[in-house]
Amino acid sequence: MKTLEAVVPVYNEEAILPELNRRLVDALGRLPYEWRIIYVDDGSRDRTPDLLADFAAADSRVAVVHLSRNFGQQLAISAGLAATSADAVVLLDGDLQDPPEVVPLLVEKWEDGYDVVYALKRERKEAWPKRVLFNLFYRVLRRLSSVDIPADAGNFSLMDRSVVDMVNKMPERDRYVSGLRAYVGGRQTGVEFERAARYAGQPRQSPLKLMRMATDALFAFSELPLRLATFMGFLVSGVAFLVLVSVLYQKLVSGAAILGWASTMTSILFLGGIQLIAVGVIGEYIGRIYNEAKGRPAWVVGRYRNLSGAATDAARPLHDERDSV
Ligand code: UDP
Ligand code: MG
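Bear in mind that the values here come from a model prediction, so they are computed numbers and not experimental data.

Q: Break down the overall build of the protein chain for me, citing the residues and quoting the values.
A: Scanning the protein chain for helices and strands turns up 10 helices and 8 strands. For the protein chain, whose C-alpha radius of gyration is 25 Å, the value lies well above the compact-globule estimate of 20 Å for 325 residues. Here the protein chain, with 325 residues, has 46% of them falling under the buried criterion. Across the protein chain, every contact between residues at least 6 apart in sequence was considered, and the portion connecting residues at least 24 apart equals 80%. As displayed, the protein chain has an accessible area near 17,100 Å², and 61% of this comes from carbon and sulfur atoms. Positive and negative charge centroids in the protein chain, built from 39 and 39 side chains respectively, lie 6 Å apart.

Here you go:
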């Protein structure tokens, strides 16, 4: 029998977990596969770890990766993917915005032979400023990136084992999983779905965390910002050349007086601004290179539940299953 795993990152989701687990178990139970749920507890501070421990104790098909602290959504997802071993892996958010009932639609396409099936949000349920920013982000990313990253495809997706293996093999620490998934290529397709509103509570992805993810994505999947600095350099040099020609003309031909202070200040400030931007862009890449060069593990696992054998080789936990955490 084919196997299917669901990876769900959760951070302080005690209000949602019981409902989520019930609906997810129900949806997976309807499919003709052997299944397992892998929750990744991203260093939650509420009762999330206890609830997950209870689920895991009650059902051996529910596994948990407890990270040693909060590493952020993308690394939590990566930690979950590293612990998988099934023929297909479904990725979904833990706030029920990605309805478990959509999973059969993704599976259907996988059975048709697709390697990646991503769920496309037909309509966002967020407030409009966030919606506008998300749309802008996806569009800019698509424009800038040499990889074909589909707009409106977030985490919610199904990946074939071969794709998950590839993603797991990518060693980078700044991980934007939707980008890595697109990078692999192969047969990819989308299925539209109606995105639900968050089941309870406020988003756990703070605006700061979202910003961080957006810059990670842009800088990890595009060299265009770097080139932009070069383009700006050419542009400014071109303008400077024109100014030089006009000054020479005034001096030698028309003999007009020297221009004033304002134009000098403006060009100094303009040039200073451009240089700062260019240095900032370069700094952004150097920071990332430094981060990679340090070679630290991208995440640390505190302990696993119901994950033994091959899966736990992915990363050694700080504590083993006998510990009471
Ligand atoms: N999440 C996480 N670590 C974090 C922040 C969020 O694992 O540091 C999880 C969160 O519990 C949820 C999923 O990521 O299951 C999506 O987060 P959220 O709904 O807050 O973000 P949205 O993408 O809806 O803004
Ligand atoms: Mg959400």
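Having seen it, we continue.
Q: Which residues make up the pairing of strand β1 (residues 3-10), and what values do they have?
A: Summarising burial for β1: 7 of the 8 residues are buried, a large majority. In this sheet, strand β2 (residues 34-41) lies alongside β1 in parallel orientation, the contact comprising 8 bridges. Bridged to Val-10 within β2 is Asp-41. Of the crossover connections in this fold, the one passing from β1 over helix α1 (residues 17-29) to the parallel β2 is right-handed. Strand direction decides the pairing type here: β1 and strand β4 (residues 88-91), joined by 4 bridges, are parallel. Looking at β4, one finds that Ala-6 is bridged to Val-90.

Q: With reference to specific residues and values, describe helix α10 (residues 261-294).
A: Spanning 34 residues, α10 covers 48 Å between terminal C-alpha atoms, matching the ideal 50 Å at 1.5 Å per step. Considering only its buried residues, α10 is in contact with α8 (207-220) and α9 (224-254). Downstream of α10 by a residue or two, Gly-295 has a phi angle that is positive, lying close to 65°.

Q: Outline the nonpolar core, listing residues and values.
A: One finds Val-65, Leu-67, Leu-81, Phe-137, Leu-141, Tyr-176 and Trp-299 to be the most contacted residues of the largest nonpolar core, which totals 46 residues. Setting aside residues up to four positions removed in sequence, Leu-67 forms contacts with Val-40, Asp-41, Asp-42, Gly-43, Ala-76, Ala-79, Trp-299, Val-300, Val-301 and Gly-302.

Q: Just give me the short version of the environment of Tyr-114, but keep the residues and values in it.
A: Counting through the fold element by element, Tyr-114 comes out in the loop between α4 (103-111) and β5 (116-121). Non-local contacts of Tyr-114, meaning those with residues more than four positions away in its chain, are made with Lys-109, Arg-187, Gln-188 and Thr-189.

Q: Give a description of the side chain of Thr-84 that names residues and reports values.
A: Structurally, Thr-84 is set in the loop between α3 (73-82) and β4. Judged by its relative accessible area of 7%, Thr-84 is buried. Side-chain polar atoms of Thr-84 contact the side chain of Arg-161, separated by 3.2 Å. Among residues more than four places away in sequence, those in contact with Thr-84 are Glu-5, Val-7, Ile-38, Val-89, Arg-161 and Val-164.

Q: Residue-level account of the site of ligand 1, with values.
A: Taken together, 18 residues are adjacent to ligand 1, and Glu-13, Asp-42, Asp-95, Arg-204 and Lys-209 come closest. Lys-130 places a side-chain nitrogen or oxygen 3.2 Å from an oxygen atom of ligand 1. Lys-209 places a polar side-chain atom, nitrogen or oxygen, 2.7 Å from an oxygen atom of ligand 1. Here the shell around ligand 1 is built from residues that sort into 4 nonpolar, 6 polar and 8 charged.

Q: Account for the sheet that holds strand β8 (residues 301-305), naming residues and giving values.
A: Spatially, 8 strands are ordered β7-β5-β6-β4-β1-β2-β3-β8 in an open sheet, and the strand pairing comes out mixed. Each edge of the open sheet is held by one strand with a lone partner, namely β7 (188-193) and β8. Direction aside, neighbouring strands of the sheet carry axes that sit 20° apart on average. Direction of pairing for β5 relative to β7: parallel, over a ladder of 6 bridges. Along β7, the bridge assignment pairs Leu-120 with Glu-192.

Cut-offs used in this document
- Residues numbered from 1 in each chain as written.
- Chains lettered and ligands numbered in written order.
- Predicted model: local features only at pLDDT ≥ 70, side-chain atom pairs only at ≥ 80, totals over all residues.
- Heavy atoms only, no water.
- Helix = DSSP H or I, 4+ residues; strand = E, 2+ residues; numbered from the N terminus.
- Rg over C-alpha atoms; globule rule 2.2 N^0.38 Å.
- Buried < 20%, exposed > 50% of the residue type's maximum accessible area, 1.4 Å probe, protein only.
- Contact = heavy atoms within 4.5 Å.
- Areas by Shrake-Rupley, 256 points an atom, 1.4 Å probe, with all protein chains shown as cover.
- Lys, Arg positive; Asp, Glu negative; His and termini not counted.
- Charge placed at Lys NZ, Arg CZ, Asp CG, Glu CD.
- Pairing = 2+ DSSP bridges.
- Right-handed = clockwise from strand over helix to strand, strands pointing away.
- Expected span 1.5 Å × (residues − 1).
- Core = buried A, V, L, I, M, F, W, Y, C linked by side-chain atoms within 4.5 Å.
- Polar contact = N/O pair within 3.5 Å; in protein donor to acceptor, adjacent residues only side chain to side chain.
- Near = heavy atom within 4 Å.
- Nonpolar A, V, L, I, M, F, W, Y, C, P; charged D, E, K, R; others polar.
- Axes fitted to C-alpha atoms, helices over the stretch in contact; angles between N-to-C directions.

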